Amino acid sequence: MPSVLITGATSGFGKAAAQRFAKAGWSLILTGRRVERLKALEEELSGQVPVLTLALDVRDSDAVTTAISGLPEEFLPLTCLINNAGLALAPEPAQKVALEDWHTMIDTNITGLVNVTHAALPLLLKTGKGASILNLGSVAGQWPYPGGHVYGASKAFVQQFSYNLRCDLLGTGVRVTDLAPGMAETEFTLVRTKGDQAASDALYRGTTPLQAEDIAEQLYYLATLPDHININRLEIMTVRQAWSAFAIDRD
Ligand code: NDP
Ligand code: 8X3
């Protein structure tokens with residue numbers, strides 16, 4: 001039975017991915033900080049497949065290394081790592097943002113992602129052919145927009161780190177993909193606005209954002225491609241989102 005390790009499984013894409021992979025019979029290793037949500041997901045899915053929940057902050061490299069290097073045999077070989085845990089904060093212009101918010105994004109989206117990757121790599125290499133690392137990037141990693149500052153830059157890191165990993169993993173059979181979604185309705189905007197439900201609802205109102213299940217379907221597709229295929233980057237948007245014109249400062 002293949003197994004998948006999903007970071008940030010307590011909400012949004014991670015939770016939907018857990019449900020999608022469970023439907024296909026994969027063993028699940030689910031992580032996140034909110035223990036009650038992990039337990040609820042375990043209760044929901046453990047009737048279908050083996051589920052291991054690990055309460056983990058991806059920023060804590062010692063905890064990450066200990067947890068992943070100590071995975072029980074029942075959950076090995078590890079076939080897929082989904083580096084999904086991440087967040088945006090502070091939608092205000094850069095000059096108005098608290099430094100702490102920038103640090104939190106860097107610590108989670110960059111340091112957390114490399115912590116988990118470093119810990120899981122030996123297991124994925126052992127699996128070899130058919131194994132995958134699926135990194136959640138974002139359209140914000142390639143396309144700048146006001147208020148994107150460190151969030152977009154952290155997702156640009158995810159893209160380049162994914163590509164560079166591909167170079168080093170050449171010949172091992174391990175695939176790496178930067179999956180870059182556009183606007184998707186999850187708790188993402190609630191987190192970004194520090195709990196402003198009205199702002200979150202307003203962003204998604206009157207349009208058709210991607211849903212978490214849409215991204216889970218892409219993750220499952222990427223993880224189950226024939227083992228000689230590597231999709232390097234997959235950018236996906238709702239048809240109701242597109243780029244906009246350059247902004248111009250005028251007198
Ligand atoms: P959610 O806020 O719904 O989910 C984020 C998940 O990340 C939660 O499960 C949360 O779990 C986890 N997480 C956050 N910080 C940490 C941490 N320090 N340690 C461990 N887990 C953490 O957002 P999405 O599902 O939308 O986002 C998932 C990923 O997709 C993120 O990387 C995001 O940047 C990216 N993305 C989102 C888009 C969108 O529009 N929604 C578009 C493009 C990319 P907990 O709080 O329990 O720790
Ligand atoms: C989240 C999508 O458009 O808010 O990564 O940057 S967007």
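K.L.:
Help me understand the overall build of the chain in this model?
P.N.:
Each helix and strand in the chain was counted, giving eight helices and nine strands. Relative to the globule expectation of 18 Å for 251 residues, the C-alpha radius of gyration of the chain, 18 Å, shows essentially globular dimensions. Its C-alpha atoms give the chain principal-axis dimensions of roughly 65 × 40 × 35 Å. Relative to its full complement of 251 residues, the chain shows a buried share of 50%.

K.L.:
Would you mind showing me how to read the site of ligand 2 here?
P.N.:
Ser138, Val139, Ala140, Tyr145, Tyr151, Phe188, Arg192 and Gln241 make up every residue found near ligand 2. Here an oxygen atom of ligand 2 sits 2.6 Å away from a polar atom, N or O, in the side chain of tyrosine 145. One of the side-chain nitrogen or oxygen atoms of arginine 192 is found 3.2 Å away from an oxygen atom of ligand 2. Out of a free accessible area of 240 Å², ligand 2 has 83% covered by protein chains. Of the residues assigned to the shell around ligand 2, the class counts are five nonpolar, two polar and one charged.

K.L.:
I would appreciate a short explanation of helix H1 (residues 12–23) in the present structure.
P.N.:
Owing to its 3.6 residues per turn, the α-helix aligns residues three or four sequence positions apart on the same side. Taking 1.5 Å of rise per residue, 12 residues should cover 16 Å, and H1 covers 17 Å from first to last C-alpha, within 8% of that figure. All buried positions along H1 are accounted for by Gly12, Phe13, Gly14, Ala16, Ala17, Ala18, Arg20, Phe21 and Ala22. Taken from the residues just after H1, glycine 25 is the one with a positive phi, measuring 90°.

K.L.:
Would you mind going over the site of ligand 1 with me for this structure?
P.N.:
Not every one of the 30 residues close to ligand 1 is listed here, only the nearest: Thr10, Ser11, Arg33, Tyr151 and Thr186. Within the backbone of glycine 8, one N or O atom sits 3.1 Å away from an oxygen atom of ligand 1. The side chain of arginine 33 places a nitrogen or oxygen atom 2.6 Å from an oxygen atom of ligand 1. Relative to its unbound accessible surface of 880 Å², ligand 1 loses 96% to contact with the protein.

K.L.:
How should the packing of aromatic side chains be read in this particular structure?
P.N.:
In this description, an aromatic ring pair is defined by two values, namely the gap between the centres and the angle between the planes. Applying the stated criterion across every chain, the model contains five aromatic pairs. One aromatic cluster in this structure is built from Phe21, Trp26 and Tyr220. Over the face of the ring belonging to tyrosine 220 we find arginine 20, whose NZ or CZ atom lies 4.0 Å from the ring centre.

K.L.:
Is there a simple way to explain the pattern of salt bridges in this structure?
P.N.:
When the charged atoms of two side chains lie near each other, side chains of opposite charge can form a pair. Tallied over the entire structure, the rule returns eight salt bridges. Between glutamate 217 and arginine 20 there is a salt bridge whose closest N-O contact spans 3.0 Å. Taken together, the positions of glutamate 217 in helix H8 (residues 212–223) and arginine 20 in helix H1 put the pair 197 residues apart, joining distant regions of the chain. Here arginine 20 falls in the buried class, since its relative accessible area comes to 16%. One salt bridge in this structure joins glutamate 187 and arginine 37, with 2.9 Å as the shortest N-O distance. One end of the pair, glutamate 187, is in the loop between strand S7 (184–185) and helix H6 (188–192); the other, arginine 37, is in helix H2 (residues 35–45), with 150 residues separating them in the sequence.

K.L.:
Could you clarify how one ought to interpret unusual backbone geometry in this entry?
P.N.:
Working note: non-glycine residues mostly have negative phi, and peptide bonds are mostly trans. A cis amide bond links leucine 76 with the next residue in sequence, proline 77, at an omega value of 0°. Note on placement: proline 77 falls in the loop between helix H3 (61–69) and strand S4 (78–83). With a phi close to 55°, lysine 194 is a non-glycine residue in the positive phi region. By the element assignment, lysine 194 lies in the loop between H6 and helix H7 (197–204).

K.L.:
What is the right way to read empty space enclosed by the protein from this model?
P.N.:
Left-over empty space is what a probe sized like a water molecule reveals as it rolls over the atoms. Per the counting criterion, the structure on display carries one cavity of 30 Å³ or more. A volume near 30 Å³ is recorded for the largest cavity. Around the largest cavity, the lining residues are Ser132, Leu134, Arg175, Thr177, Leu222, Leu225, Ile229, Asn230 and Ile231. Grouping the constituent residues of the lining of the largest cavity by class yields five nonpolar, three polar and one charged.

K.L.:
I tried to follow the nonpolar core on my own but got confused; where do I start?
P.N.:
Nonpolar side chains in soluble globular proteins generally cluster together in the buried interior. If you look at the biggest cluster of nonpolar residues, it comprises 34 residues, and the most contacted ones within it are Phe21, Leu28, Leu30, Ile82 and Leu219. Ranked by the residues each element gives to this core, the list is headed by H8, at seven residues. Beyond its immediate chain neighbours, meaning those up to four positions away, leucine 219 contacts Ala17, Phe21, Ile82, Leu134, Leu136 and Leu179. Counting 26 residues, the second largest nonpolar core, distinct from the first, contains Leu71, Leu78, Ala85 and Leu124.

Conventions and cut-offs
Residues numbered from 1 in each chain as written. Chains lettered and ligands numbered in written order. Predicted model: local features only at pLDDT ≥ 70, side-chain atom pairs only at ≥ 80, totals over all residues. Heavy atoms only, no water. Helix = DSSP H or I, 4+ residues; strand = E, 2+ residues; numbered from the N terminus. Rg over C-alpha atoms; globule rule 2.2 N^0.38 Å. Buried < 20%, exposed > 50% of the residue type's maximum accessible area, 1.4 Å probe, protein only. Near = heavy atom within 4 Å. Polar contact = N/O pair within 3.5 Å; in protein donor to acceptor, adjacent residues only side chain to side chain. Areas by Shrake-Rupley, 256 points an atom, 1.4 Å probe, with all protein chains shown as cover. Nonpolar A, V, L, I, M, F, W, Y, C, P; charged D, E, K, R; others polar. Expected span 1.5 Å × (residues − 1). Phe/Tyr/Trp six-rings, centres within 6.5 Å; stacked < 30°, edge-to-face > 60°. Lys NZ or Arg CZ within 6 Å of the ring centre and 35° of its normal. Salt bridge = Lys/Arg side-chain N within 4 Å of Asp/Glu carboxyl O. 1 Å grid on protein atoms, 1.4 Å probe; cavity = no way out; pocket = protein on both sides within 12 Å on 5 of 7 lines; lining within 4 Å. Points joined across faces, edges and corners; volume = space filled by probe spheres on them. Core = buried A, V, L, I, M, F, W, Y, C linked by side-chain atoms within 4.5 Å. Contact = heavy atoms within 4.5 Å.

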